[in-house]
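# Close look at the chain arrangement
Residues per chain, in single letters:
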Amino acid sequence: MARAAELLPGRILIVLHGAIGDVVRAMPLAMRVRRGYPHARITWAVEPAAAPLLDRHPAIDEQLVFRRELGAAAFARFLGQVRRRRFDLALDLQRHLKSGVVSRASGAPRRIGFHRSNTKEGNWLFNSETIAPQPHWSLKLRQYLAFADALGLPASPIEFGLALAGDEDARVESLLEAVDGPYVAAFVGSTWESRGWFPDRTAAVLSALRERHGLAAVLLGAPGADEAFAREVAAHAQKSGVTNYLNLAGRTTLRDLIGILGRARAAFGPDSGPMHIAAAVGTPVVSLWGATSPLRSAPYGAEDLALVGRVACQPCDLRRCPIGRVCMAEIGAESVVAALERGLARRAA
């Protein structure tokens, strides 16, 4: 009879190609798996956008990066990479057809996925077992941790494992060199147009925080539309007399955000990847919700700082709003300031 240690998985695959926020919320599961199987080699199948978050991660030994934009031939090569590693255990966190195919290609005798009721595109057919059904309106982070429960791993404090190396910290310091004193970070964009807030209200929040608390401001966003949004915020801020702000939209890497958001006294913005990074590094984050719901996606530890635009069609889950984002218009600047002040008090304590 094999000894218990010989039955432990030596090669583990986590399948989660998804968005930045999803990858961040699955990190506590990875940390718990690492603690449960300290000698296992853990590989994460991920797409390029979120891959930098896994660099130097204490729970992850290897990334397998899937380049979706390269088409079917690239996917076939990717499956070959997965197959050659001969995994013992696969955890399919993605829920759809493609992740099911990856899980099956792993060759792992034990392939765990979400329950049929929580998947789509026949994903459940590719896995050997499923976790218990998860309430749809429940935090994804908790849903991911249900995989650790299914493995019988001991409960442990939630940790994300995000940290920077010395050279990365130095780069963040150089980016923030022009910021005069403590600051609030405003992440201004989102991958869905419907989730966006408004430049004039963002500037009004920054102005109020400067006046009441002496806080500088750092604007964060991706290249492209976020840069245009940030320029509008800056223009409104100047009209309000706010001069102590730094516009970093389009100038930061994903790993820069770990350090910038970690140094902020508080952060705010719409449902987005940076929102989850801010929460993961312990910064109080005020999140703004309309098209999507905080019941499923609120940043961990800051659920009480989520502000929802309450209208009849919320949440609609539409990427583009046909009626002018009336839900987001319901969120006023003063309510954001009040929530940020609660977050600032929490940080000070």
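Residues numbered from 1 in each chain as written. Predicted model: local features only at pLDDT ≥ 70, side-chain atom pairs only at ≥ 80, totals over all residues. Heavy atoms only, no water.

## So, the overall build of the protein chain
- Helices and strands together make up the secondary structure of the protein chain, namely 13 helices and twelve strands.
- Taking 349 residues into account, the globule formula puts the C-alpha radius of gyration at 20 Å, and the protein chain, at 21 Å, falls close to it.
- Along the first, second and third principal axes, the C-alpha atoms of the protein chain reach 75 × 45 × 40 Å.
- Classification of the 349 residues of the protein chain by burial places 54% in the buried group.
- Element-wise, carbon and sulfur atoms account for 52% of the exposed surface of the protein chain, whose accessible area totals about 15300 Å². (Helix = DSSP H or I, 4+ residues; strand = E, 2+ residues; numbered from the N terminus. Rg over C-alpha atoms; globule rule 2.2 N^0.38 Å. Buried < 20%, exposed > 50% of the residue type's maximum accessible area, 1.4 Å probe, protein only. Areas by Shrake-Rupley, 256 points an atom, 1.4 Å probe, with all protein chains shown as cover.)

## A few points about the nonpolar core
- In terms of nonpolar packing, the biggest core is built from 102 residues, with W44, W197, F268 and V336 touching the most fellow members.
- No other element matches the eight residues that helix α2 (residues 20–36) contributes to this core.
- Excluding residues that lie within four positions of it along the chain, V336 makes contacts with W197, V205, F268, V286, L288, L307 and I331.
- Within the second largest apolar cluster, 14 residues are counted, among which are F75, L79, A90 and A108. (Core = buried A, V, L, I, M, F, W, Y, C linked by side-chain atoms within 4.5 Å. Contact = heavy atoms within 4.5 Å.)

## Quick look at the packing of helix α7 (residues 199–213) against helix α13 (residues 333–348)
- Packing of α7 against α13 brings their axes to within 9 Å, and their N-to-C directions diverge by 45 degrees. By the angle class used here, α7 and α13 are oblique. The handedness of the crossing between α7 and α13 comes out as right-handed. Where α7 approaches α13, its residues R201, A204, V205, A208, L209, R212 and H213 are matched on the opposing element by A333, E334, V336, V337, L340, E341 and L344.
- Considering only residue class, the contact of α7 with α13 consists of nine nonpolar, one polar and four charged. (Axes fitted to C-alpha atoms, helices over the stretch in contact; angles between N-to-C directions. Parallel < 35°, antiparallel > 145°, perpendicular 65-115°, else oblique. Left-handed = near helix turned anticlockwise from the far one by under 90°. Nonpolar A, V, L, I, M, F, W, Y, C, P; charged D, E, K, R; others polar.)

## Re the packing of α7 against helix α8 (residues 225–239)
- The N-to-C vectors of α7 and α8 enclose an angle of 50 degrees; their axes lie 8 Å apart at closest approach. On the basis of the axis angle, α7 is oblique to α8. Regarding α7 and α8, the two cross each other, and that crossing is right-handed. Counted together, P199, D200, T202, A203 and L206 of α7 and F229, E232, V233, H236 and A237 of α8 form the full contact between these two elements.
- Across the contact of α7 with α8, the residue classes tally to six nonpolar, two polar and two charged.

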